[in-house]
Amino acid sequence: MRKYYLSFILLMGQLSVGPQVFAEVGKKIVSDYSKKPGVIKFDSRLKNFGSVERGEVLSHDFLFTNVGKGDLKIQGVHSSCGCAATEIDQGKVYAPGEKGTLRVKFNTANFSGKLSKSLTIMTNQRSRSLRVLRLKANVRNYISVNPPLVDFDEMHSDLVSHRRIHIKSLNKKELKVLGAKHSDKMDVQLSDDNKGGWFADIYLKPQEPGDMKEVIFLKTSLPSLPKVAVPLVGKVKGKIGYSPSYLEFGAVRKKRFRKKTLKLDGKSDFKVLDVQVNMEVNGEEVDGMDFLSVKFDDKSKNEHKMAIKIENPKKLKGSVYGDIEFLTDHPNHKKIKLDFFAFFKN
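Residues numbered from 1 in each chain as written. Predicted model: local features only at pLDDT ≥ 70, side-chain atom pairs only at ≥ 80, totals over all residues. Heavy atoms only, no water.

1. Section: the layout of surface pockets
Next up, step 1: Of the voids in this model, the largest pocket is the one considered here, and its volume is about 670 Å³.
Next up, step 2: Pro209, Gly210, Lys235, Val236 and Tyr242 are the residues nearest the centre of the largest pocket, which is lined by 23 residues in total.
Next up, step 3: For the lining of the largest pocket, the secondary structure elements donating two or more residues are β11 (150-156), β16 (210-220), β17 (227-237), β18 (240-243) and β26 (335-345).
Next up, step 4: If you tally residues by element for the lining of the largest pocket, the top one is β26, at 5 residues.
Next up, step 5: Within this model, the second largest pocket holds a volume of roughly 200 Å³.
Next up, step 6: What lines the second largest pocket is a set of 13 residues, and nearest its centre among them are Asn107, Ala109, Asn110, Leu225 and Lys227. (1 Å grid on protein atoms, 1.4 Å probe; cavity = no way out; pocket = protein on both sides within 12 Å on 5 of 7 lines; lining within 4 Å. Points joined across faces, edges and corners; volume = space filled by probe spheres on them. Helix = DSSP H or I, 4+ residues; strand = E, 2+ residues; numbered from the N terminus.)

2. Comments concerning the packing of aromatic side chains
Next up, step 1: This model, assessed by the stated rule, comprises 7 aromatic pairs.
Next up, step 2: A centroid spacing of 5.2 Å and a plane angle of 35° characterise the contact between Phe106 and Phe111, whose relative ring orientation is tilted. The burial state of Phe106 is the same as that of Phe111; both residues are buried.
Next up, step 3: Joined through ring pairs, the aromatic side chains of Phe42, Phe64 and Tyr94 make up one cluster.
Next up, step 4: If you follow Lys47 out to its NZ or CZ, it ends over the ring of Phe49, 5.5 Å from the centre.
Next up, step 5: Its guanidinium or amino end placed over the ring of Phe257, Lys309 lies 5.0 Å from that ring's centre, counting from NZ or CZ. (Phe/Tyr/Trp six-rings, centres within 6.5 Å; stacked < 30°, edge-to-face > 60°. Buried < 20%, exposed > 50% of the residue type's maximum accessible area, 1.4 Å probe, protein only. Lys NZ or Arg CZ within 6 Å of the ring centre and 35° of its normal.)

3. Quick look at the pairing of strand β22 (residues 284-287)
Next up, step 1: Sheet topology places strand β21 (residues 272-281) next to β22; 4 bridges connect them, and they run antiparallel. Across the sheet, residue Val281 finds its bridge partner in β22, namely Glu284.
Next up, step 2: Taking the residues that link successive antiparallel strands as the turn, the β21-β22 hairpin has 2 residues, and the phi of Asn282 there is positive, at about 55°. (Pairing = 2+ DSSP bridges.)

4. Quick notes on the pattern of salt bridges
Next up, step 1: One pass over the full model with this rule turns up 10 salt bridges.
Next up, step 2: The partner of Arg103 in a salt bridge is Asp61, and the shortest N-O contact between them spans 2.7 Å. Here Arg103 is found in strand β7 (residues 99-107), whereas its partner Asp61 is found in strand β3 (residues 57-66), with 42 residues between them in sequence.
Next up, step 3: Accessibility expressed as a relative area gives 28% for Asp61, which makes it partly exposed.
Next up, step 4: For Lys235, the salt bridge goes to Asp211, with nearest N and O atoms at 3.5 Å. Of this pair, Lys235 sits in strand β17 while Asp211 sits in strand β16, placing them 24 residues apart in sequence.
Next up, step 5: We classify Asp211 as exposed; its relative accessible area is 63%. (Salt bridge = Lys/Arg side-chain N within 4 Å of Asp/Glu carboxyl O.)

5. Section: the nonpolar core
Next up, step 1: Residues Phe152, Ile165, Ile167, Ile202, Ile216, Val230 and Leu232 are the most contacted members of the largest nonpolar core, which totals 25 residues.
Next up, step 2: Elements represented by at least two residues in this core include exactly β10 (143-146), β11, β12 (161-169), β14 (186-192), β15 (198-204), β16 and β17.
Next up, step 3: Residues within four places of Leu232 in sequence aside, it is in contact with Val150, Phe152, Met186, Ile202, Met212, Lys213, Glu214 and Ile216.
Next up, step 4: Core analysis: the second largest hydrophobic core is formed by 24 residues, Leu247, Leu262, Ile336 and Phe340 among them. (Core = buried A, V, L, I, M, F, W, Y, C linked by side-chain atoms within 4.5 Å. Contact = heavy atoms within 4.5 Å.)

Structure, rendered in structure tokens:
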């Protein structure tokens, strides 16, 4: 490896800048690379909490030592599920022989049964820079929520949709559902089933078309699990259909364009009031109206056919992603959002 650094120094020494400067820089690079990094060693890389009750917040300190001959840095910690919180002084330098602690906290509120999770520790070691820690537990669950995820499937944007959840105790302890926290897009009614369990009736109000993702939190009388999260999913269908469901333009060369046809079909008359374009090229936001245009070819008041053209006038290169928003006067479908994709080539 040093041969490459010395060759670099000799080459740069031929330039107008003094060779002594580059020699010093080269020495520093070689010196920095020659320094031996630290080596992390954990007292134990597995923590088995055994049998725990759902809702408990588990905590454990993983102890480690720098057993290397150089400085050790913890550059990052990654959880396999994002469900574990860690406490460590990232960026701190641990001298040879110095000890440290990685504290892990894990909330079992959303788990039941046997679980095994991992944490990946990233350090400045050149070899084996990743270390994996493991957490295990057997979570005892004393409450049943059926269904655990409420799927409303397809809903109409102008109608109220209803689903029911049944909550009951899985042991002989008394269970009460004391309340529900939710968004203003729904109403939730709680009732006793007269058998030791509870019903939660969910009524989703009429809302804008699109994907629906919500969460309700049920407040319970259980000390270990005072709050239970129940996710809701579904798709709200509007009164205006569109085809295709997205636009794929393919490759667009410089100073060229591509066209696609889109049809909006409503069950009743409606008007398109405005068109807005959001667009990114290689992840950078651009003014979409500089690249994309929409030309209407209406044949009826409840069907709007249009030609959508994308062009590459600025000789850009890279992946293109964006969405077109059609704003309408329909009372139950005021906005239609359509994704589009392309690739600019020179």
